[in-house]
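Report on the structure
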Amino acid sequence: MSQQGDVNLPPKYDPQAVEKGRYQYWVDNKLFEAEGDTTKEPFTIVIPPPNVTGKLHIGHAWDTTLQDIITRIKRMQGYDVLYLPGMDHAGIATQAKVEAKLRETGVSRYELGRESFLQQAWDWKEEYAEFIREQWAKLGLGLDYSRERFTLDDGLSDAVREVFVQLYEKDLIYRGEYIINWDPATQTALSDIEVEYKDVQGHFYHMKYPLTDGTGDIEVATTRPETMLGDTAVAVHPDDERYQHLIGKTVTLPIIGREIEIVADDYVDMGFGSGAVKITPAHDPNDFELGNRHDLERVLVMNEDGSMNENAGKYQGMDRFECRKQIVKDLQESGVLFNIEEHMHAVGHSERSGAVVEPYLSTQWFVNMQPLADAAVELQHGSDEEKVHFIPDRFEKTYLHWMENIRDWCISRQLWWGHRIPAWYHKETKEMYVGKEAPADIENWEQDEDVLDTWFSSALWPFSTLNWPDTEDKDFQHFFPTNTLVTGYDIIFFWVARMIFQSKHFNDQRPFKDVLIHGLVRDAEGRKMSKSLGNGVDPMDVVDQYGADSLRYFLATGSSPGQDVRFHWEKVEASWNFINKIWNASRFALMNMDGLRYEDIDLSGDKSVADHWILTRLNETIEQVTRNVDRYDFGEAGRYLYNFIWDDFCDWYIEMAKLPLYGDDEAAKLTTRSILAYTLDQMMRMLHPFMPFVTEEIWQQLPHEGESIVTAHWPVVNQDLANKATANIMKKLVAIIRSVRNIRAEVDAPLSKEIPILIQAESAETKVQLEENRVYLDHFCNPSELTIATSIQAPEKAMSAVVTGAEIYLPLEGLIDIEKEVARLEAELEKLNQEVERVDKKLANDGFVNKAPAHIVDAEKEKQKDYMEKREKVKTRIDELQN
RNA sequence: GGGCGAUUAGUUCAGCGGGAGAACGCUUGGUCGACAACCAAGAGGUCACUGGUUCGAUCCCAGUAUCGCCCA
């Protein structure tokens, strides 16, 4: 009693107070810094670098929580852990933000100039990088800041140039004219996967192009009538009998008046529409290919901003959609356009700006993907030691399918913020030079204006951050390849796939052994969180309200691998409740520690049934939690911890521990305190990766050894402390206590009311076991008188219950309603009848008895015996009551 | 058109060959020394549908339906 005032834990868990200053302590003591100790086994995770555009969203919180859990476990398991932080310059997104900021001051980037604009972008980067680091700190991420990197820093820029030049020299990068996805809003090229296809209700415009010789016309159709201004052919299928006589003839393009040829090409689908297709090589990828085969002219009719150019004749200067309206009107008037159908079709939109993407002829840089993809696919067909393991493994199919159907990657972007392409053009000779360094006579050259796709640098992240191309570097040697990459399924193509082929090409090995794929955080209705819906949840708001530990536990345990998770505040609150429970269980233990030190912990003394049982359960929990975290199943691991802590430790062990703690037996007190301290210590260690702040706080107050729980050892099963036989007695006690509580609830006899209790033990052994533990029965059942015997005569008017190995009678003369009790017992009997019937049927089946594994059959026989015994007793009891 | 996922208690989700689980919500009762954001007891489910494999299917296979995602 006298010790209870010393405890430093308030009765309610307050995350703000617990988390304050804790992260700084970890960082100051360099607990997250990798040692670079080559005698230790390394374990590496590189953070997926967040964009420096702004704040982290809740998806980042999920992603990094998983990484932090994995690295904290590995650190506790003795690995030399590197969790490497960093950020991504995010070309388009960041430039857009900086430009938006500039616009407020009325200045365009062109007015400002490239150099000054980049300076502003760097200022922006510094500001947001600091903001992001604060958010990492709030989430408790164990990052090694001494190795933090940025995709545009000197080292990574060097790696990017090295990769570009090497690929160029092997003809794996080329510059060429091609139909690319053009975003007229941001005025840059996009790679194929930056285009989102959405079904849009549009129109199918049917037109007749007149034959030049005046003998008729040919019908074509299009969804984009304005592109007709750039038509340079009409194509039909070579086998199409309808058009045989027209092949080689020409039509006169309406409005423009250009004479264009009718060509035959088996790309054309005879069954679709009229079977004749207008060909616009400068504005459609398929038409471009067809144009190459037939050596067609390429007529570009649009400017980069989406307005019509000089080739559009009288439409020059009009916006593309305005032009469409006008051209439809004009063609209708002239009778060329004779039919407009409603037509649902997929239209590409810029993933960044949302603008409708224009297939556009342009000179860009490309990666020649086929050889790189082939090697990556081959890697995946190698041994377990060579291939990348996707978790869940179904994502490997997604990845392989993409790799096997790869298309060239457009890597140039018409931006300023990014890695400028290391290519120079001679001012006089127009000769092109590609190299890591600028030509010596730089005054005669102009560098390519464009920068590289941001993903081109992120693709190198697992090795460029480890000082590649210096392959002799200590960190590269020790920490590469990395162990686990954690990311969402939405960027398998953007990032994961590209890291794999780049690493295969430049290091001849995988960049990481495992890829843990998670889903998206959705809102409570299951919708994707988005700015336009305004349904996003700021993880920092969650941390402010419930603490980082609650958020982390919710995110880590809220779903199964690869599945999406819905955000509900109630679930975060439930996590808080769990932590509050842990907090109070710890508080109880600390109030009763009586100054116990770590070295005083003594588990060798006489142990109670409860002691044996909780230690046995602890072992089982360590085993299950470890098994599940090893396979990245944090949901299951969390559930094992939750059940053990709340149901076993709090609801049963603590309640039972109160008996010795409030008693006079000093040896029993020491053992109980030791077990409380030991179990809590082990619990805190297992919980720590999930909820680092609160476990550190509690662990520091518990008897402990070592500087911080961050570097404490992960628990291992201790067979010396397992005692299943004794733990089984606990199960009988629990069954009896539950039955008594059940009956008390039935007859409205609260625990505070003393009632006589009789227990009929089926064997002398059971009787002894119950006698030895009658102190628990006294405490939890509150009997006026407790009789345990093997020869009890059932009282006439009594409530009763049957458990395995014993019958319980509660003679409650004044309270019992015979009719109700009979009804209750009959319901019980019905349940037992069903069970017996089910087991009988199973055991009567020869197929089952002969083919099922022996232990399953034995278990069924055991159940049959148990159910039948219980059933007989219940039957007898009903008879007694009715007579 | 091709591929993938989901369908289990009122709600949100686990489980995935051998007696249907959790959280929240709901009903009843309980504050005396960790916690009322707590404790105790309880109600609530043809595991979407149809076949197949198996001694045995919520679980494996095939198909159907509905919803969602990715690719073309």
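Residues numbered from 1 in each chain as written. Chains lettered and ligands numbered in written order. Predicted model: local features only at pLDDT ≥ 70, side-chain atom pairs only at ≥ 80, totals over all residues. Heavy atoms only, no water.

Now for the overall build of chain A. Across its full length, chain A holds 28 helices and 29 strands. Radius of gyration (C-alpha) of chain A: 37 Å, far over the 29 Å computed for a compact globule of 883 residues. Projecting the C-alpha coordinates of chain A onto the three principal axes gives extents of approximately 115 × 65 × 55 Å. Each of the 883 residues in chain A was classed as buried or not, and the buried ones make up 55%. Sequence-distant contacts in chain A: of pairs separated by 6 or more residues, those separated by 24 or more amount to 77%. Carbon and sulfur atoms provide 46% of the accessible area of chain A, an area that totals close to 39,000 Å². Computing the positive centroid from 95 side-chain charges and the negative centroid from 153, chain A places the two 4 Å apart. (Helix = DSSP H or I, 4+ residues; strand = E, 2+ residues; numbered from the N terminus. Rg over C-alpha atoms; globule rule 2.2 N^0.38 Å. Buried < 20%, exposed > 50% of the residue type's maximum accessible area, 1.4 Å probe, protein only. Contact = heavy atoms within 4.5 Å. Areas by Shrake-Rupley, 256 points an atom, 1.4 Å probe, with all protein chains shown as cover. Lys, Arg positive; Asp, Glu negative; His and termini not counted. Charge placed at Lys NZ, Arg CZ, Asp CG, Glu CD.)

Turning our eyes to something else, we now look at the packing of aromatic side chains. Per the stated rule, a full pass over the model turns up 44 aromatic pairs. Both rings, one in Tyr174 and one in Phe366, keep their centres 5.4 Å apart while their planes meet at 20 degrees; by these two values the pair is stacked. Of the two residues, Tyr174 is situated in strand S5 (residues 173-183) and Phe366 in strand S14 (residues 358-367); the sequence distance between them amounts to 192 residues. Given the relative accessible area of 3%, Phe366 is considered buried. Relative to Phe506, the ring of Trp468 has its centre 5.5 Å away and its plane inclined at 75 degrees; by these criteria the two rings are edge-to-face. Taken as a pair, Trp468 in the loop between helix H13 (461-464) and helix H14 (474-479) and Phe506 in helix H15 (residues 492-507) lie far apart in primary sequence, 38 residues in all. (Phe/Tyr/Trp six-rings, centres within 6.5 Å; stacked < 30°, edge-to-face > 60°.)

Let's shift gears to the sheet that holds strand S13 (residues 337-350). Spatially, the three strands line up as an open sheet ordered S8-S7-S13, and their pairing is antiparallel. Edge strands, defined here as strands with exactly one partner in the open sheet, are strand S8 (217-222) and S13. Neighbouring strand axes in the sheet, compared pairwise and without regard to direction, differ in orientation by 20 degrees on average. Bridge analysis of strand S7 (residues 195-210) against S8 gives six bridges, and the strand direction is antiparallel. (Pairing = 2+ DSSP bridges. Axes fitted to C-alpha atoms, helices over the stretch in contact; angles between N-to-C directions.)

Our next topic: the domain arrangement of chain A. Structurally, chain A comprises domain 1 (4-8 + 568-722), domain 2 (188-358) and domain 3 (754-882). The gap between the C-alpha centroids of domain 2 and domain 3 is 84 Å. (Domains from an automatic or database assignment.)

So, on to the UniProt feature "coiled-coil region" (unreviewed entry) in chain A. As recorded in UniProt, the feature "coiled-coil region" (unreviewed entry) lies at residues 815-842. The span residues 815-842 shows a helical share of 89% and a strand share of 0%, and its end C-alpha atoms are spaced 41 Å apart. (UniProt positions renumbered as here; feature names shortened; annotations may be inferred.)

Moving on, we come to the protein's contact with RNA strand B. What surrounds RNA strand B is a group of 47 residues, the closest being Asn584, Arg639, Trp646, Lys851 and Tyr867. Considering RNA strand B, the proportion of its atoms within 4 Å of the protein that are sugar or phosphate atoms stands at 62%. Contact between RNA strand B and Asn580: a sugar or linking oxygen at 3.4 Å from a side-chain N or O atom of the residue. Here a base nitrogen of RNA strand B sits 3.4 Å away from a polar atom, N or O, in the main chain of Ala585. Elements with a contribution of two residues or more to the surface near RNA strand B: helix H11 (394-404), helix H18 (569-591), helix H20 (634-661), helix H23 (724-746), helix H26 (818-844), helix H27 (846-851) and helix H28 (854-882). The dominant element in the surface near RNA strand B, judged by the number of residues it contributes, is H18, at 11 residues. Here the surface near RNA strand B is composed, by residue class, of 18 nonpolar, 10 polar and 19 charged. (Near = heavy atom within 4 Å. Polar contact = N/O pair within 3.5 Å; in protein donor to acceptor, adjacent residues only side chain to side chain. Nonpolar A, V, L, I, M, F, W, Y, C, P; charged D, E, K, R; others polar.)

Checked against the element boundaries, Thr71 lands in helix H3 (residues 58-76). If near-sequence neighbours (up to four positions away) are discounted, Thr71 is found in contact with Phe43, Ile45, Val81 and Tyr83.

Here we come to empty space enclosed by the protein. Applying the stated rule across the entire model yields three cavities of 30 Å³ or more. If you list the elements that add at least two residues to the lining of the largest cavity, you get H3, strand S23 (512-518), helix H17 (548-557) and H20. The element that contributes the greatest number of residues to the lining of the largest cavity is S23, accounting for three residues. Tallied by class, the residues present in the lining of the largest cavity amount to nine nonpolar, five polar and one charged. Contributing to the lining of the second largest cavity are Ser800, Ala801, Val802, Glu807, Ile808, Leu825, Lys873, Val874 and Arg877. Elements represented by at least two residues in the lining of the second largest cavity include exactly strand S28 (799-803), strand S29 (806-810) and H28. (1 Å grid on protein atoms, 1.4 Å probe; cavity = no way out; pocket = protein on both sides within 12 Å on 5 of 7 lines; lining within 4 Å. Points joined across faces, edges and corners; volume = space filled by probe spheres on them.)

Among the nonpolar cores identified, the biggest contains 146 residues, and Phe634, Phe649, Met684, Phe690 and Ile759 are the most heavily contacted of them. Two domains each provide a minimum of three residues to this core, namely domain 1 (4-8 + 568-722) and domain 3 (754-882). In this structure, Phe690 is in contact with Ile69, Asp549, Arg552, Tyr553, Ala556, Thr557, Val629, Phe634, Ala637, Gly638 and Leu641, ignoring residues within four places of it in sequence. (Core = buried A, V, L, I, M, F, W, Y, C linked by side-chain atoms within 4.5 Å.)

This part covers H20. Think of an α-helix as turning once every 3.6 residues; residues three or four places apart then point the same way. With 28 residues, H20 extends only 35 Å from end C-alpha to end C-alpha; this falls clearly short of the ideal 40 Å at 1.5 Å per step. Remark: the principal bend of H20, roughly 45 degrees, maps to Phe649. (Expected span 1.5 Å × (residues − 1). Bend = angle between axes of the 7 residues up to and from the residue.)

With that settled, the discussion passes to the pairing of strand S18 (residues 423-426). Burial along S18 is two-sided: the face carrying Ala423 and Tyr425 and the face carrying Trp424 and His426 are both buried. In the sheet, S18 pairs with strand S19 (residues 432-434) via three bridges, with the strands oriented antiparallel. Among the inter-strand pairings, Ala423 is bridged to a residue of S19, identified as Val434. From the end of S18 to the start of S19, which pair antiparallel, there are five residues, and Lys430 there has a positive phi angle of about 65 degrees. Bridge count between S18 and strand S20 (residues 445-447): three bridges; the pairing is antiparallel. Bridging across to S20, His426 finds its partner in Trp445.

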